[in-house]
Amino acid sequence: MSSAVLYLAIVAVWAVVLVPMWLRRDTEATGFTRLLHKRSDEPLVEEEAEEPVEAQEPEEIPEPRPHRPSSRATVIARRRRRTTGLTTLVLTAAAVVASGFAPWWVTAPPVLLLAGHLALLRVAVGMDTARRQAAAQARAHARARAREALHTAENAVVIELPTPEEVFDQYAADRRAVGE
């Protein structure tokens, strides 16, 4: 009976964690995903079929899209989904143990996963705070430099530059291009 619960736990982890990760690939548009989501700017296949096979040019391989960093909202939503999924897994394991279908140690892996995830979230919060403080310091330094530059500009001395006697004018009537 305990092996059935183990298989059930494996399927639950697969359904809760791996399937959503596979379905929500953020920026990949390669392989199977490209086949599912054809672009509308690609040429139609019917037009190419009219040409003889010898005259067809080899297809160009499209360049891979550059990886764009995830926005803050995307990262927070991903963290929230992962926390919700792991909490659901812990509650499901506790319910299975409470109903008597599995021994107590079945709850250990989900609890360890949730504890590790919460520890990583704690580190991520510290990193986010440090990043925000660094950005605030950079903005404060930029404002201080701008104020200093403004103060320096107020004390600047204007120097008169000498003007030449004759100013070059390329459109003057007495100037002609070579060969005219």
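Residues numbered from 1 in each chain as written. Predicted model: local features only at pLDDT ≥ 70, side-chain atom pairs only at ≥ 80, totals over all residues. Heavy atoms only, no water.

Enquirer: Give a description of the overall build of the chain that names residues and reports values.
Expert: Within the chain one finds five helices and zero strands. Secondary structure elements in the chain, listed N-terminal to C-terminal, are α-α-α-α-α. Every one of the 180 residues in the chain was classed for burial, and the buried ones make up 9%. (Helix = DSSP H or I, 4+ residues; strand = E, 2+ residues; numbered from the N terminus. Buried < 20%, exposed > 50% of the residue type's maximum accessible area, 1.4 Å probe, protein only.)

Enquirer: How would you sum up the side chain of aspartate 128? Please name residues and give values.
Expert: Looking at the element boundaries, aspartate 128 is found in helix α5 (residues 108–154). On the accessibility criterion, aspartate 128 (10% relative accessible area) is buried. Within the local environment of aspartate 128, its side chain forms a polar contact with the side chain of arginine 131, the two groups lying 3.2 Å apart. In contact with aspartate 128, other than residues within four places in its own chain, are Arg72 and Arg79. (Polar contact = N/O pair within 3.5 Å; in protein donor to acceptor, adjacent residues only side chain to side chain. Contact = heavy atoms within 4.5 Å.)

Enquirer: Which residues make up the pattern of salt bridges, and what values go with them?
Expert: A complete count under the given rule lists three salt bridges for this structure. The partner of arginine 72 in a salt bridge is aspartate 128, with the nearest N and O atoms 3.2 Å apart. With arginine 72 in helix α4 (residues 72–98) and aspartate 128 in helix α5, this pair connects stretches of sequence that are 56 residues apart. Bridged by salt links that share partners, the residues Arg72, Arg79, Asp128 and Arg131 form one connected network. (Salt bridge = Lys/Arg side-chain N within 4 Å of Asp/Glu carboxyl O.)

Enquirer: How would you summarise α4 if you had to cite specific residues and measurements?
Expert: What sets the pattern is the α-helix's 3.6 residues per turn: residues three or four places apart point alike. In this model α4 runs 39 Å from its N-terminal to its C-terminal C-alpha over 27 residues, within 8% of the 39 Å that 1.5 Å per residue would give. Of all the residues in α4, the buried ones are Gly85, Leu86, Leu89, Val90, Ala93 and Val96. Downstream of α4 by a residue or two, glycine 100 has a phi angle that is positive, lying close to 90°. (Expected span 1.5 Å × (residues − 1).)

Enquirer: Outline the confidence of the model for the chain, listing residues and values.
Expert: Summarising the model, the chain shows a mean pLDDT of 77, and 71% of its residues fall at 70 or more. Throughout residues 44–49 the model reports pLDDT below 50, and contacts reaching past four residues in sequence, or to other chains, amount to one contact. (pLDDT = per-residue confidence, 0-100.)

Enquirer: Go over a nonpolar patch on the surface with me, naming the residues and quoting the values.
Expert: Where nonpolar side chains cluster on the molecular surface, the patch consists of Leu6, Tyr7 and Ile10 and spans about 350 Å² of accessible area. Topologically, tyrosine 7 is positioned in helix α1 (residues 2–23). Taking the relative accessible area as the measure of exposure, tyrosine 7 reaches 58% and is therefore exposed. (Patch = residues over 30% accessible without salt bridge, like charges linked within 9 Å, V, L, I, M, F, W, Y side chains within 5 Å. Areas by Shrake-Rupley, 256 points an atom, 1.4 Å probe, with all protein chains shown as cover.)

Enquirer: Give me the lowdown on the layout of surface pockets, citing residues and values where you can.
Expert: In this approach, a probe sized like a water molecule rolls over the atoms, and the result shows the empty space that is left. Empty space within the second largest pocket amounts to approximately 400 Å³. Lining the second largest pocket are 17 residues, with Val5, Leu6, Ala9, Ile10 and Val106 positioned closest to its centre. Looking at the lining of the second largest pocket, the elements that each hand over two or more residues are α1, α4 and α5. In terms of residue count, α1 provides more of the lining of the second largest pocket than any other element does, eight residues in total. Residue composition of the lining of the second largest pocket, grouped by class: 15 nonpolar, two polar and no charged. (1 Å grid on protein atoms, 1.4 Å probe; cavity = no way out; pocket = protein on both sides within 12 Å on 5 of 7 lines; lining within 4 Å. Points joined across faces, edges and corners; volume = space filled by probe spheres on them. Nonpolar A, V, L, I, M, F, W, Y, C, P; charged D, E, K, R; others polar.)

Enquirer: Just give me the short version of α5, but keep the residues and values in it.
Expert: Here α5 spans 69 Å end to end across 47 residues, near enough to the 69 Å set by a 1.5 Å rise per residue. Three or more residues of α5 are buried, namely Pro110, Leu114, His117, Leu121, Ala124 and Asp128. Tucked inside the fold, the buried residues of α5 contact α4.

Enquirer: I'd like to hear about the side chain of histidine 117, residue by residue, with values.
Expert: You can see histidine 117 is positioned in helix α5. In this structure the side chain of histidine 117 is engaged in a polar contact, spanning 2.7 Å, whose partner is the side chain of threonine 83. When neighbours within four sequence positions are excluded, histidine 117 is seen to be in contact with Arg79, Arg82, Thr83 and Leu86.

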